[in-house]
2 protein chains.
Amino acid sequence: MSAGLAWIAVDWGTSALRAWGLDAGGSVVQSARSDRGMGQLAPEGFEPALLELVGDWLPEGIVTQVVVCGMAGARQGWVEAPYAAVPCAPTGDGVMQAPTRDPRLSVRILSGLSQAAPADVMRGEETQVAGLLATRPKFDGIVLLPGTHTKWVHVSAGEVVSFRSFMTGELFALLSTQSVLRHSLGAETPDLAAFDAAVAATLSRPERMAAELFSIRAADLLLGQPGGAAWGRLAGLLIGAELAATRAYWLGQQLAVLDNGAQADLYARALEAQGAVILREAAAAMTLAGLKAAHARLTEA
Amino acid sequence: MSAGLAWIAVDWGTSALRAWGLDAGGSVVQSARSDRGMGQLAPEGFEPALLELVGDWLPEGIVTQVVVCGMAGARQGWVEAPYAAVPCAPTGDGVMQAPTRDPRLSVRILSGLSQAAPADVMRGEETQVAGLLATRPKFDGIVLLPGTHTKWVHVSAGEVVSFRSFMTGELFALLSTQSVLRHSLGAETPDLAAFDAAVAATLSRPERMAAELFSIRAADLLLGQPGGAAWGRLAGLLIGAELAATRAYWLGQQLAVLDNGAQADLYARALEAQGAVILREAAAAMTLAGLKAAHARLTEA
């Protein structure tokens, strides 16, 4: 067990699981992570996976509250936490008690958000948006969450108004590791000038994305284009096409980018080249802030 | 050995190998195929793979000419047959003798085509274009060759003027089998109304492709969209974006589609909805016709 532990915050994604132990004042007294993501677990596997990670933290004889966000609440997860429909607060009233055997545990899973038209869903990102609003209560504008499925979230008056998801991260991963382009993308330093040029090309003429992808391979075969330039072109073509599709989200809007590393750097670079002014916050810190806000609300209730 | 065999035509692609034995009049007297494509062979593996397929056809004591098109001439193939640069005849003067040990064989590999700007290459499709021109010598217009990397080829006065390649086929394969969308694409009958609507969406606004892909997943989760509709939407979004990028190639042009089955049907459907008039020829027949034309030219020389 862990001295001072009051409750546990968990971010349970498709490919990983992260837990923080917090004291009554909200300070982190423990943290741990594992690769036992939702993608590899059957419903009955979630409690053992959680206990493997945090079992040693739990005091005997009392019930420790656990608040979970992310894919653990998906239909194929621990227990389905139905989506809350926008417009609504980012972590709305939706919460689902998960079935548990260990008497030391009480686990609640936060709902994701859904949008009817255009059809869209999120699970986990809503908690990061809640964290941003807990940190900056007056924020009004667009939150960009780079990832496998990047999200653009319009926030106003403390609510999520609308959002759109883009498969840009997954497309980049598939094209760079599974397609014919994998032969042409090197491990060299990414060429940011090639990235900038490709963003400009597809931002102004998004149909170029389809036309230019194979040219990355051809330019390698014919001209010996370096792998770093190929990498920059591929990333730029995809991100430029996404920016063309999201112009209404970022043009003239207050913009916060949740920082997950290199991918957020590329989005920020492309947006700043268009004159956007960007606020950056660390994605993991926003997840924890959002889980704390949800715990506070659940404790009050 | 095979009575009447005069020479052998071979189409050697990345994933398969197809051979025809022809008599002096150009009639097919033998045919065979195997899955020993260029992708799985080292340079020294090509001759054994060919002999495995056609060795029994070869008369003893004389040399049989073999004419090969496709990826066997790539840098990682049997021997590199350098690209011929457009504008030029579809199977130009480029041909490379492959190294062989068996005294019964003389193998020549046809060159592919290259284009400097925009950078582009093809290997194999040029032989199909040559076959179309052998069949219809006066053809002047655009040849569309659907495939993993679909090609649009502008032909005029017997030459390839320019061309563009699109990764649409490979993108569809990756997205439908490797991405999150695989969960939502069923084996049901493709929904052609969903296909038509998606083509129209990205043809008029190509930036929608990036925006709409994830909606295919969300519409399944939220609305139980059938797998056939998801399939149609994915195919339509990709093909519509390609048509947006190739408008100058197909608008008001004479158009021939080389028919490889279901994929060609979708392109033809989308183009006909835009008022295009399409000539269709079977892709395999055009390959053989192109190899015959190349053999005739090599024999004359």
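In this text, all values refer to a predicted model and were calculated from it rather than measured experimentally. (Residues numbered from 1 in each chain as written. Chains lettered and ligands numbered in written order. Predicted model: local features only at pLDDT ≥ 70, side-chain atom pairs only at ≥ 80, totals over all residues. Heavy atoms only, no water.)

**As for the overall build of chain A**
Stage number 1. Helix and strand counts for chain A come out as 9 helices and 14 strands.
Stage number 2. At 21 Å, chain A has a C-alpha radius of gyration in line with the 19 Å of a compact globule built from 301 residues.
Stage number 3. Its C-alpha atoms give chain A principal-axis dimensions of about 70 × 40 × 30 Å.
Stage number 4. For chain A, the proportion of its 301 residues judged to be buried stands at 58%.
Stage number 5. The long-range share in chain A, meaning contacts at least 24 apart out of those at least 6 apart in sequence, stands at 65%.
Stage number 6. In the structure as shown, chain A presents an accessible area of about 11700 Å², 53% of it carried by carbon and sulfur atoms. (Helix = DSSP H or I, 4+ residues; strand = E, 2+ residues; numbered from the N terminus. Rg over C-alpha atoms; globule rule 2.2 N^0.38 Å. Buried < 20%, exposed > 50% of the residue type's maximum accessible area, 1.4 Å probe, protein only. Contact = heavy atoms within 4.5 Å. Areas by Shrake-Rupley, 256 points an atom, 1.4 Å probe, with all protein chains shown as cover.)

**Quick look at the pattern of salt bridges**
All names here are of chain A.
Stage number 1. Tallied over the entire structure, the rule returns 24 salt bridges over all chains.
Stage number 2. Notably, a salt bridge pairs Glu52 with Arg36, separated by 2.9 Å at the nearest N-O pair. With Glu52 in helix H1 (residues 46–54) and Arg36 in the loop between strand E3 (28–34) and H1, this pair connects stretches of sequence that are 16 residues apart.
Stage number 3. Among the ionic pairs, Glu80 bridges to Arg75, the shortest N-O distance being 3.9 Å.
Stage number 4. By relative accessible area, which is 32% here, Glu80 ends up partly exposed.
Stage number 5. Given a relative accessible area of 49%, Arg75 falls into the partly exposed group. (Salt bridge = Lys/Arg side-chain N within 4 Å of Asp/Glu carboxyl O.)

**Brief notes about the packing of helix H6 (residues 227–245) of chain A against helix H8 (residues 262–273) of chain A**
Residues and elements named next belong to chain A.
Stage number 1. Look at H6 against H8: their axes get within 11 Å of each other, and the N-to-C directions meet at 65°. Crossing handedness for the pair H6 and H8: right-handed. Together, Trp231, Ala235, Ile239, Glu242 and Leu243 of H6 and Leu266, Tyr267, Ala270 and Leu271 of H8 make up the contact between the two elements. (Axes fitted to C-alpha atoms, helices over the stretch in contact; angles between N-to-C directions. Left-handed = near helix turned anticlockwise from the far one by under 90°.)

**Observations regarding the nonpolar core**
Stage number 1. Judged by nonpolar contacts, the single largest core of 96 residues is most densely connected at Trp152(A), Leu234(A), Leu243(A), Leu271(A), Trp152(B), Leu234(B) and Leu271(B).
Stage number 2. Setting aside chain neighbours within four positions, we find Leu271(A) in contact with Leu144(A), Trp152(A), Leu243(A), Trp250(A), Leu255(A), Ala276(A) and Ile278(A). (Core = buried A, V, L, I, M, F, W, Y, C linked by side-chain atoms within 4.5 Å.)

**Quick notes on the pairing of strand E4 (residues 64–70) of chain A**
Residues and elements named next belong to chain A.
Stage number 1. Taken across its 7 residues, E4 has 6 buried, putting it largely inside the fold.
Stage number 2. With 6 bridges connecting them, strand E1 (residues 7–12) and E4 associate as parallel partners. Looking across to E4, one finds that Asp11 is bridged to Cys69.
Stage number 3. When E4 meets strand E7 (residues 105–110), the two strands line up parallel, connected through 5 bridges. Along E7, the bridge assignment pairs Thr64 with Leu105. (Pairing = 2+ DSSP bridges.)

**Brief notes about the sheet that holds strand E6 (residues 95–97) of chain B**
Residue and element names in this part refer to chain B.
Stage number 1. The sheet built from 6 strands is open, its strands ordered E3-E2-E1-E4-E7-E6 with mixed pairing. At either margin of the open sheet sits one strand with a lone partner, and together these are strand E3 (28–34) and E6. Taken over all neighbouring pairs, the strand axes of this sheet differ in orientation by 20° on average, direction set aside.
Stage number 2. Each of strand E1 (7–12), strand E2 (17–22), E3, strand E4 (64–70) and strand E7 (105–110) touches helix H1 (residues 46–54); the most contacted strand, E1, lies at about 120° to it.

**Structural notes on the relation of the copies chain B and chain A**
Stage number 1. Superposition record for chain B on chain A: RMSD 0.0 Å, screw rotation 180°, translation along axis 0.0 Å. Considering both components of the superposition, the chain copies are consistent with a two-fold axis. Considering only C-alpha atoms, the residue of chain B closest to the rotation axis is Pro206(B), which sits at 3.0 Å.
Stage number 2. Take the interface residues of chain B: 100% of them recur as interface residues in chain A, which is what a same-surface contact looks like. (Least-squares fit on C-alpha atoms with pLDDT ≥ 70 in both.)

**Details of the interface of chain B and chain A**
Stage number 1. The interface is formed by 41 residues belonging to chain B together with 41 residues belonging to chain A.
Stage number 2. Of the roughly 3400 Å² buried where chain B meets chain A, counting both sides, 71% is carbon and sulfur surface.
Stage number 3. Here chain B and chain A share 0 salt bridges between them.
Stage number 4. Counting across the chain B and chain A interface gives 10 residue pairs in polar contact (both at pLDDT 80 or more).
Stage number 5. Breaking the side of chain B that touches chain A down by element, the ones donating at least two residues are strand E8 (113–115), strand E9 (120–122), strand E12 (159–166), helix H3 (168–177), helix H5 (208–223) and helix H6 (227–245) of chain B.
Stage number 6. In terms of residue count, H5(B) provides more of the side of chain B that touches chain A than any other element does, 12 residues in total.
Stage number 7. Of the residues belonging to the side of chain B that touches chain A, the class tally is 24 nonpolar, 8 polar and 9 charged. (Buried area = accessible area lost by both parts, 1.4 Å probe. Polar contact = N/O pair within 3.5 Å; in protein donor to acceptor, adjacent residues only side chain to side chain. Nonpolar A, V, L, I, M, F, W, Y, C, P; charged D, E, K, R; others polar.)

**Some remarks on the environment of Gly227(A)**
Stage number 1. Position of Gly227(A) among the secondary structure elements: in helix H6.
Stage number 2. Note: C-alpha distance between Gly227(A) and Thr14(A) (213 residues apart in sequence) is 30 Å.

**Some thoughts on the sheet that holds strand E14 (residues 278–282) of chain A**
All names here are of chain A.
Stage number 1. As summarised here, the arrangement of the 5 strands in space is E12-E11-E10-E13-E14, forming an open sheet in which the pairing is mixed. Each end of this open sheet is capped by a strand with a single partner; those strands are strand E12 (159–166) and E14. Averaged over all pairs of adjacent strands, the angle between their axes in this sheet comes to 20°, without regard to strand direction.
Stage number 2. Pairing of strand E13 (residues 255–259) with E14 involves 5 bridges; the strand directions are parallel. Paired with Asp259 across the two strands is Ala282, which belongs to E14.
Stage number 3. Sitting on the sheet, H8 is in contact with strand E10 (141–145), strand E11 (150–156), E13 and E14, with an inclination near 170° to E14.

**A short note on the domain arrangement of chain A**
Residue and element names in this part refer to chain A.
Stage number 1. Domain annotation for chain A reports domain 1 (1–116) and domain 2 (124–301).
Stage number 2. Domain 1 and domain 2 are separated by 27 Å when their C-alpha centres are compared.
Stage number 3. Opposite the 28 residues of domain 1 that make contact, domain 2 presents 22 residues.
Stage number 4. Where domain 1 abuts domain 2, roughly 2100 Å² becomes buried across the two surfaces, and 68% of that area is made up of carbon and sulfur atoms. (Domains from an automatic or database assignment.)

**Brief notes about the packing of aromatic side chains**
Here a ring pair, both rings aromatic, is described through the centre-centre distance and the interplanar angle of the planes.
All names here are of chain A.
Stage number 1. Here the structure, examined in full by the defined rule, presents 8 aromatic pairs over all chains.
Stage number 2. An angle of 70° between the planes, with centres 5.8 Å apart, marks the rings of Trp12 and Trp78 as edge-to-face. Residue Trp12 is located in strand E1, and its partner Trp78 is located in the loop between E4 and strand E5 (84–85); the two are separated by 66 residues in the primary sequence. Each member of the pair, Trp12 as well as Trp78, carries the same accessibility label: buried. (Phe/Tyr/Trp six-rings, centres within 6.5 Å; stacked < 30°, edge-to-face > 60°.)

**Description of the side chain of Asp102(A)**
Residue and element names in this part refer to chain A.
Stage number 1. Positionally, Asp102 belongs in the loop between strand E6 (95–97) and E7.
Stage number 2. The buried category is assigned to Asp102, whose relative accessible area is 15%.
Stage number 3. Discounting chain neighbours no more than four positions away, the residues touching Asp102 are Glu47 and Leu51.

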